[in-house]
Amino acid sequence: MSPALGGPGSAMRRLNVHVLTLFPGILAGPLNESILKRARDKGLLDVDIRNIRDYTDDKHKTADDSPYGGEPGMVLKPEPIFKAIEALRAEHRDEQFLTILLSPQGSIFDHRHAERLSEERRRIVLLCGHYEAVDERVRAALVDEELSIGDYVLTGGELAALVVIDAAARLLPGVLGDEESAYRDSFGDGLLDHPHYTRPAEFRGMKVPDVLLSGNHEAVRKWRRREALRATLLKRPDLLAAAELTEEDRAMLADLRREMSG
Ligand code: ADE
């Protein structure tokens, strides 16, 4: 058994996530498929989905109300959210929590956030906003951090919560198999991925680059690095400023820039 699976001498680590939502059904599908399902089955990821409506007191299970001050739209009420989080804290008395609100006002989620969350020992609470807004007292008293998955407005935070869970879970030790983890480093070093090819070696006149068929591992490594640099330079040159670049990388970049301007 590998250390990640809790073999001898290792402490198995599990990422514990609680999602508070008005629409639990949105989350069910993606968590029950493919790698996320496998991570949960292996005990590496635990996702507990709670319906905010279950923490309401009235017979209509009212979770939202109109805003003070008379704007259009609805605001998520504070009471059920406070109750839900208090219930969680009571169930896990000796544990720490990190409460994250998903909203378009948050800082933009990226690979670094995913890495940090994948190493998180606290229980992560993902609070999914819906409608127009969440009562500000929730943000002020309960929320440690606010995350957005991009500069656009979704109908709710559920898809964003799934993105956060997926990106963090695939970085947990033991979640990706050997073949899958070959792709783990894309973005890990701040560069875009190099192109990939599989059989056939020629398809409708389009050939796989000779170097990939050469069996020369060093030449293949260099080709991949150069193509990762090329892809980044062409599609996301902004990433190069923060990327971890070696002397060889810088020489390749200079060469690529010459090639592109020539
Ligand atoms: N809720 C609505 N839009 C969102 C976004 N872009 N990111 C995270 N949560 C959201």
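Keep in mind that what you see is a predicted model, and the values were worked out from it rather than measured.

Caption draft 1: Spatial organisation of the site of the ligand. If you check the shell around the ligand, you find 13 residues, and the closest are Ser 103, Ile 149, Gly 150, Tyr 152 and Leu 154. At 3.2 Å, a backbone N or O of Ser 103 approaches a nitrogen atom of the ligand. Elements with a contribution of two residues or more to the shell around the ligand: β5 (97-108) and β8 (145-148). Split into classes, the residues belonging to the shell around the ligand amount to eight nonpolar, five polar and no charged.

Caption draft 2: A look at the layout of surface pockets. Taken as a whole, the largest pocket spans an internal volume of roughly 480 Å³. Every residue lining the largest pocket is counted, 19 residues in all, and those nearest its centre are Asp 110, His 111, Arg 112, Phe 187 and Gly 190. Going through the elements one at a time, α4 (111-118) and α6 (158-169) are the ones with two or more residues in the lining of the largest pocket. Broken down by element, the lining of the largest pocket gets its largest block of residues, four residues, from α4. Of the residues in the lining of the largest pocket, the class split is nine nonpolar, three polar and seven charged.

Caption draft 3: Just the packing of helix α1 (residues 24-31) against α6, in detail. Where α1 meets α6, the closest approach of the two axes is 9 Å, and the angle between their N-to-C directions is 30°. One element, α1, and the other, α6, form an angle in the roughly parallel class. Here α1 runs over α6; the crossing is right-handed. For the pair α1 and α6, contact is made by Ile 26, Leu 27, Pro 30 and Leu 31 and by Glu 158, Leu 159, Ala 161, Leu 162 and Ile 165, respectively.

Caption draft 4: A look at a nonpolar patch on the surface. A grouping of Ile 26, Tyr 152, Leu 154 and Leu 159 is seen on the molecular surface, where their side chains present a nonpolar patch of about 340 Å² in accessible area. Positionally, Tyr 152 belongs in the loop between β8 and α6. Look at Tyr 152 and you get partly exposed, because its relative accessible area is 44%.

Caption draft 5: Helix α3 (residues 78-91), seen in detail. Look at α3: 20 Å from first C-alpha to last across 14 residues, which is about the 20 Å you get at 1.5 Å a residue. Residues Pro 78, Pro 80, Ile 81, Ala 84, Ile 85 and Leu 88 constitute the buried set of α3.

Caption draft 6: Layout of the nonpolar core. One finds Val 19, Leu 45, Leu 117, Leu 126 and Ile 165 to be the most contacted residues of the largest nonpolar core, which totals 31 residues. The dominant element in this core, judged by the number of residues it contributes, is α6, at seven residues. With near-sequence residues (within four places) excluded, Leu 45 lies in contact with Arg 14, Leu 15, Val 17, Leu 36, Ala 39, Arg 40, Ile 165, Ala 169 and Leu 172. Within the second largest apolar cluster, 18 residues are counted, among which are Leu 20, Leu 127, Val 134 and Val 143.

Caption draft 7: Local environment of the domain arrangement of the protein. Examined at the domain level, the protein breaks down into domain 1 (4-169) and domain 2 (202-261). Look at where the C-alpha atoms of domain 1 and domain 2 centre, and you get two points 39 Å apart.

Caption draft 8: Here's a closer look at empty space enclosed by the protein. Within this structure, the stated rule accounts for one cavity of 30 Å³ or more. Space inside the largest cavity adds up to approximately 50 Å³. Contributing to the lining of the largest cavity are Leu 15, Val 17, Leu 117, Ile 124, Leu 126, Val 164, Ile 165 and Ala 168. For the lining of the largest cavity, the secondary-structure elements that each account for two or more residues are β1 (15-21), β6 (123-128) and α6. Of all the elements, α6 adds the most residues to the lining of the largest cavity, at three residues.

Caption draft 9: Broad picture of the environment of Arg 121. Looking at the element boundaries, Arg 121 is found in the loop between α4 and β6. The sequence separation of Arg 121 and Arg 13 amounts to 108 residues, and the corresponding C-alpha distance is 8.5 Å.

Caption draft 10: Quick peek at the pairing of β1. For β1, the buried fraction is high: seven of the seven residues fall into the buried class. Where burial is concerned, the two faces of β1 agree: the one with Leu 15, Val 17, Val 19 and Thr 21 and the one with Asn 16, His 18 and Leu 20 are both buried. As paired strands, β1 and strand β2 (residues 45-51) are joined by seven bridges and run parallel to one another. Within β2, the residue paired with His 18 across the bridge is Asp 48. Two strands pair when backbone bridges link them, and β1 and β6 are joined in this way by four bridges, in the parallel orientation. Bridge pairing in β6 links Leu 20 to Leu 127.

Rules behind the numbers
Residues numbered from 1 in each chain as written. Predicted model: local features only at pLDDT ≥ 70, side-chain atom pairs only at ≥ 80, totals over all residues. Heavy atoms only, no water. Near = heavy atom within 4 Å. Polar contact = N/O pair within 3.5 Å; in protein donor to acceptor, adjacent residues only side chain to side chain. Helix = DSSP H or I, 4+ residues; strand = E, 2+ residues; numbered from the N terminus. Nonpolar A, V, L, I, M, F, W, Y, C, P; charged D, E, K, R; others polar. 1 Å grid on protein atoms, 1.4 Å probe; cavity = no way out; pocket = protein on both sides within 12 Å on 5 of 7 lines; lining within 4 Å. Points joined across faces, edges and corners; volume = space filled by probe spheres on them. Axes fitted to C-alpha atoms, helices over the stretch in contact; angles between N-to-C directions. Parallel < 35°, antiparallel > 145°, perpendicular 65-115°, else oblique. Left-handed = near helix turned anticlockwise from the far one by under 90°. Contact = heavy atoms within 4.5 Å. Patch = residues over 30% accessible without salt bridge, like charges linked within 9 Å, V, L, I, M, F, W, Y side chains within 5 Å. Areas by Shrake-Rupley, 256 points an atom, 1.4 Å probe, with all protein chains shown as cover. Salt bridge = Lys/Arg side-chain N within 4 Å of Asp/Glu carboxyl O. Buried < 20%, exposed > 50% of the residue type's maximum accessible area, 1.4 Å probe, protein only. Expected span 1.5 Å × (residues − 1). Core = buried A, V, L, I, M, F, W, Y, C linked by side-chain atoms within 4.5 Å. Domains from an automatic or database assignment. Pairing = 2+ DSSP bridges.

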